[in-house]
Amino acid sequence: MNQSPDQITIRQPDDWHVHLRDGDMLRSVATYTARQFARAIVMPNLSPPITGTASAVAYRDRILSAAADHADFTPLMTCYLTDSSDAEDIAQGFNSGVFTAAKLYPANATTNSAHGVTDVANIMPVLERMQKMGMPLLIHGEVTDADVDVFDREAVFIERTLSKVVQQLPELKVVFEHITTAEAVDFVNASGANVGATITPQHLHINRNAMFQGGIRPHAYCLPVAKREQHRLALRKAATSGSVKYFLGTDSAPHEIHAKESACGCAGIFNAPYALESYTTIFDEEGALDKLEGFASIHGPQFYGLPLNEGTVTLQRSKTIVPDAIEAGGTTIVPFHAGQELDWQIVG
Ligand code: DOR
Ligand code: ZN
């Protein structure tokens, strides 16, 4: 890695957690992910969700066509787990190379998760099979009980569910997705090498105050919701620590502007357009530019057992101005950092 204070060259990164949507929205957003990342783990929470190999193959084809201007981009597909997921089907999807991983949404935890899992006990045979095959389980780690405070739902999930899954299936590869708390960092650090986590740019940049700065700020709202400052600091420490357990996953989740700026706004932050500039700004602020390549380009493929990318990307310390809105395919989407400047720019 060639590094100087003002310029950094790293292997081309991958995004280990992204929502690319479908139809017009997919055609609008795919290019933003494909121009920065060689591969991306694509979330299956469409309506209806991607639960089988046939729908995953068809969806992958639609993604490849939407990202056709970046011919080297590889979408890695995931299977949406439901109470009635079948271990044999999922094993076939994994063994045939269609599915890279399976995603566990607790039912009703977030966007399009109504078909998610109501009780992990219902998918134990699937998880046992995944453990045997080495197929990663990607977890949205929040309880959904209305009586648990929304800011506590991740920590309570660790206690009630995740700790038990990891105990019962000690070899299962688990990615604790988009972690937002110091409790999650502690849990991942204390777990074996088979437990890793993705961290989004927004959870490194903002704490929960961002949602209420001078008024209600729907574009700072995602799930799991941003927490207190102490949690953001724990996430920054984990991401920039050099630990192989942490890797890049943007959770870029585009929603059309009116779906965000609404009496009941959708959860999700569209960070794909400037994701790498956003992460680089954090690593720079933490004095950890030398740890960026591991987080962005090495720890993820190593966890998934995939080869490292051969290409490189070079960033330079100069201002990137993020537009107020992105107009694409007839829709308007407000990106993360809208109207702000980031300190880094991609130059090659
Ligand atoms: O904020 C979020 N948006 N969190 C999720 O878990 C899902 C995502 C979406 O699909 O919009
Ligand atoms: Zn997500």
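Residues numbered from 1 in each chain as written. Chains lettered and ligands numbered in written order. Predicted model: local features only at pLDDT ≥ 70, side-chain atom pairs only at ≥ 80, totals over all residues. Heavy atoms only, no water.

Caption draft 1: Expanded view of the site of ligand 1. In the region of ligand 1, 13 residues are neighbours, and R21, N45, T110, L223 and H255 sit closest. Measuring from an oxygen atom of ligand 1, one finds a side-chain N or O atom of R21 at 2.8 Å. Contact distances for ligand 1 include 2.8 Å between an oxygen atom and a side-chain N or O atom of H255. Its free accessible area being 290 Å², ligand 1 has 100% of it covered by the protein chains. For the shell around ligand 1, the per-class residue count stands at 4 nonpolar, 7 polar and 2 charged. (Near = heavy atom within 4 Å. Polar contact = N/O pair within 3.5 Å; in protein donor to acceptor, adjacent residues only side chain to side chain. Areas by Shrake-Rupley, 256 points an atom, 1.4 Å probe, with all protein chains shown as cover. Nonpolar A, V, L, I, M, F, W, Y, C, P; charged D, E, K, R; others polar.)

Caption draft 2: Region of interest: unusual backbone geometry. A cis geometry characterises the amide bond from S47 onward to P48, with omega recorded as 0°. Take P48: it is sitting in the loop between strand 4 (39-42) and helix 2 (53-66). Put simply, L223 and P224 share a cis peptide bond, and its omega is -10°. Along the chain, P224 falls in the loop between helix 7 (201-205) and helix 8 (229-239). The residue R21 is not glycine, and still its phi comes out positive at about 60°. When you line up the elements, R21 lands in the loop between strand 3 (15-18) and helix 1 (23-34). Its relative accessible area of 12% is what places R21 among the buried residues. (Helix = DSSP H or I, 4+ residues; strand = E, 2+ residues; numbered from the N terminus. Buried < 20%, exposed > 50% of the residue type's maximum accessible area, 1.4 Å probe, protein only.)

Caption draft 3: Region of the structure containing the pattern of salt bridges. All told, the structure shown has 12 salt bridges when counted by the stated rule. For R232, the salt bridge is made with E229, and the minimal N-O distance between the two is 2.9 Å. Of this pair, R232 and E229 both sit in helix 8, separated by 3 residues, roughly a single helical turn. Exposure remark for R232: the relative accessible area of 15% places this residue in the buried category. Salt-bridge contacts for K319 lead to D343; the nearest nitrogen and oxygen are separated by 3.0 Å. In this pair, K319 sits in strand 11 (residues 312-321) while D343 sits in strand 14 (residues 341-346), placing the two residues 24 residues apart along the sequence. A residue is classified by how much of its surface remains accessible, and K319, at 47% relative accessible area, is partly exposed. If you follow the salt bridges from partner to partner, you end up with D6, D284 and R317 in one network. (Salt bridge = Lys/Arg side-chain N within 4 Å of Asp/Glu carboxyl O.)

Caption draft 4: Highlighting the packing of aromatic side chains. Applying the stated criterion across every chain yields a total of 8 aromatic pairs. Ring plane angle 80° and centroid distance 6.0 Å describe the contact between Y32 and F270, whose orientation is recorded as edge-to-face. Separated by 238 residues along the polypeptide, Y32 in helix 1 and F270 in the loop between helix 9 (257-260) and helix 10 (275-285) bring together distant segments of the chain. Each member of the pair Y32 and F270 is classed as buried. Aromatic pair F247 and Y304: ring centres 6.4 Å apart, planes at 70°, arrangement edge-to-face. Taken together, the positions of F247 in strand 10 (residues 246-248) and Y304 in helix 11 (residues 292-304) put the pair 57 residues apart, joining distant regions of the chain. Classification of F247 as buried rests on a relative accessible area of 0%. Overall, Y304 belongs to the buried group, its relative accessible area being 8%. (Phe/Tyr/Trp six-rings, centres within 6.5 Å; stacked < 30°, edge-to-face > 60°.)

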